[in-house]
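Residue strings, one per chain:
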Amino acid sequence: MSSLYEKTLATRRVFEGRALTIDILDIELPNGRKSTREVIRHTGAVCILGELPDGRFILIRQFRKAIDQEIIECVAGCMEVGEAPETAALRETREESGYEVETLTSLGSAYPVPGYCDEVHHFYHAKLKATPEALQLDTDENLYPIIVSEDEIETMIDNHEIVDAKTLLLWYKFLRHRKG
């Protein structure tokens with residue numbers, strides 16, 4: 001079997017923003033042909049399924065401008081440069097849900113869109129303390145937490161109320177982990 005590796009010949013940064021950068025790469029394919037790739041660079045994110053002591057879960061209702069609608073998703077957020085995923089998961093859970101984490105279990109990671117982005121999502125199941133504190137949202141965040149049962153999550157998935165890919169994958173990973 002031949003190698004599929006694409007050699008990078010040159011990189012041009014064409015955009016640098018707060019959350020991401022965009023590079024244009026000149027590449028050489030294994031057969032010698034030249035082409036280009038557009039790549040979004042991202043620091044990575046954490047995705048957390050917070051579970052309360054009574055077995056219900058914390059999800060987030062948030063407006064997403066890119067799709068111009070409000071959606072339901074898991075607690076999630078970008079990692080800061082150099083920040084460990086576990087540290088980011090604890091921080092994001094506290095900020096977006098108000099709950100402190102008692103135990104944090106890694107459920108693995110995945111690349112949401114590797115065709116054009118190097119972002120990696122780190123998935124966690126968090127057992128939460130019973131009582132929340134005030135949210136600590138970033139100044140540009142527009143969201144609020146909701147508490148739902150497992151049956152409600154399943155119904156929201158069936159009814160296409162949960163359409164966020166990271167949340168769907170996190171739920172799948174959680175169910176597989178719990179199953180053993």
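Conventions adopted
Residues numbered from 1 in each chain as written. Predicted model: local features only at pLDDT ≥ 70, side-chain atom pairs only at ≥ 80, totals over all residues. Heavy atoms only, no water. Helix = DSSP H or I, 4+ residues; strand = E, 2+ residues; numbered from the N terminus. Areas by Shrake-Rupley, 256 points an atom, 1.4 Å probe, with all protein chains shown as cover. Lys, Arg positive; Asp, Glu negative; His and termini not counted. Charge placed at Lys NZ, Arg CZ, Asp CG, Glu CD. Pairing = 2+ DSSP bridges. Axes fitted to C-alpha atoms, helices over the stretch in contact; angles between N-to-C directions. Core = buried A, V, L, I, M, F, W, Y, C linked by side-chain atoms within 4.5 Å. Buried < 20%, exposed > 50% of the residue type's maximum accessible area, 1.4 Å probe, protein only. Contact = heavy atoms within 4.5 Å. Expected span 1.5 Å × (residues − 1).

Quick word on the overall build of the protein chain
Piece 1. Check the secondary structure of the protein chain and you find three helices and ten strands.
Piece 2. Ordered by position in the sequence, the α and β elements of the protein chain form the string β-β-β-β-β-β-β-α-β-β-β-α-α.
Piece 3. With respect to the principal axes defined by its C-alpha atoms, the protein chain has extents near 60 × 40 × 30 Å.
Piece 4. Accessible surface, the protein chain: about 10,700 Å² in total, of which carbon and sulfur atoms supply 51%.
Piece 5. Computing the positive centroid from 21 side-chain charges and the negative centroid from 32, the protein chain places the two 7 Å apart.

Brief notes about the sheet that holds strand S1 (residues 7–16)
Piece 1. Strand order in the open sheet formed by three strands is S1-S2-S3, with antiparallel pairing between adjacent strands. Of all strands in the sheet, those bounded by a partner on one side alone are S1 and strand S3 (34–42). Each strand of the sheet is rotated relative to its neighbour by a mean of 25 degrees, with strand direction disregarded.
Piece 2. Inspection of the sheet shows strand S2 (residues 20–28) paired to S3 by nine bridges, in the antiparallel sense. Note that in S3 the partner of Ile22 across the bridge is Ile40.

Concerning the nonpolar core
Piece 1. Judged by nonpolar contacts, the single largest core of 18 residues is most densely connected at Leu49, Phe57, Leu59, Val148, Ile153, Met156 and Leu170.
Piece 2. Counting only elements with at least two residues in this core, the list comes to strand S4 (45–51), strand S5 (57–64), strand S8 (101–110), strand S10 (143–148), helix H2 (150–158) and helix H3 (165–179).
Piece 3. Ranked by residue count, the leading element in this core is H3, at three residues.
Piece 4. Ala88, Tyr124, Ala126 and Leu143 belong to the second largest nonpolar core, which has 15 residues in total.

Quick notes on the environment of Tyr144
Piece 1. Turning to its location among the elements, Tyr144 is positioned in strand S10.
Piece 2. Sequence separation between Tyr144 and Gln62 is 82 residues, and the spatial gap between their C-alpha atoms is 6.7 Å.
Piece 3. Look past the residues within four positions of Tyr144 in its chain and what remains in contact with it is Leu59, Ile60 and Arg61.

Thoughts on helix H1 (residues 85–97)
Piece 1. The end-to-end C-alpha separation of H1 is 17 Å, in line with the 18 Å expected for 13 residues at 1.5 Å each.
Piece 2. Structurally, H1 contributes buried residues whose contacts are with S4, S5, strand S7 (75–78), S8, strand S9 (121–128) and S10.
Piece 3. Where H1 ends, the next residue or the one after it, Gly98, has phi of about 85 degrees, a positive value.

Observations concerning the pairing of S9
It is a general feature of regular strands that their side chains alternate between the two faces of the sheet.
Piece 1. Within S9, seven of the eight residues are buried, leaving the element largely enclosed by the surrounding structure.
Piece 2. Of the pairings in the sheet, the one linking S4 to S9 comprises seven bridges and is parallel in character. Bridge pairing links Ala45 to His121 in S9.
Piece 3. As defined by bridge partners, S8 adjoins S9 across eight bridges and the pair is classed as antiparallel. Residue pairing in the sheet places Thr105 in a bridge with His125 of S9.

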